[in-house]
Amino acid sequence: RTLRDAGRHEREAFILYTIEGFTIDEITDITQRSPEEVRKDVHAAREHLKKALPVRDSLSDRLIEHSKTA
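Residues numbered from 1 in each chain as written. Predicted model: local features only at pLDDT ≥ 70, side-chain atom pairs only at ≥ 80, totals over all residues. Heavy atoms only, no water.

**Quick look at helix α3 (residues 35-52)**
Step number 1: Taking 1.5 Å of rise per residue, the 18 residues of α3 would be expected to cover 26 Å, and the 26 Å separating its terminal C-alpha atoms lies within 8% of that figure.
Step number 2: Among the residues of α3, V38, D41, V42, A45, R46 and L49 are the ones counted as buried. Within α3, the buried residues cover an arc of 135 degrees as seen down the axis, which keeps them to one side. Exposed side chains of α3 directed beyond 90 degrees from the buried face belong to E36, K40 and K51. (Helix = DSSP H or I, 4+ residues; strand = E, 2+ residues; numbered from the N terminus. Expected span 1.5 Å × (residues − 1). Buried < 20%, exposed > 50% of the residue type's maximum accessible area, 1.4 Å probe, protein only. Arc of directions from axis to C-beta.)

Written out as structure tokens, the structure reads:
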């Protein structure tokens, strides 16, 4: 729900990378976006989550931490 307010590209890249486990290169093939755009989208979604999550817990912390590797 929290990512609902993020942009479509940000939400898609974050879910594919952080939750589904796709690599940046795989996401570029899927979305037809450059690696720089995908990394930017993951970063933007991570920042959105950090600001929008009402309660921080171990799951949200792990998702945010994992997305930093993009």
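**Section: the packing of helix α1 (residues 8-19) against α3**
Step number 1: Direction vectors running N to C along α1 and α3 enclose 95 degrees, while the axes themselves pass 8 Å from each other. When the axis of α1 is compared with that of α3, the two are roughly perpendicular. Each of H9, E10, A13, F14 and Y17 in α1 lies in contact with α3, whose residues at this interface are V38, D41, V42, A44, A45, R46 and L49.
Step number 2: In terms of residue class, the contact of α1 with α3 is built from eight nonpolar, one polar and three charged. (Axes fitted to C-alpha atoms, helices over the stretch in contact; angles between N-to-C directions. Parallel < 35°, antiparallel > 145°, perpendicular 65-115°, else oblique. Contact = heavy atoms within 4.5 Å. Nonpolar A, V, L, I, M, F, W, Y, C, P; charged D, E, K, R; others polar.)

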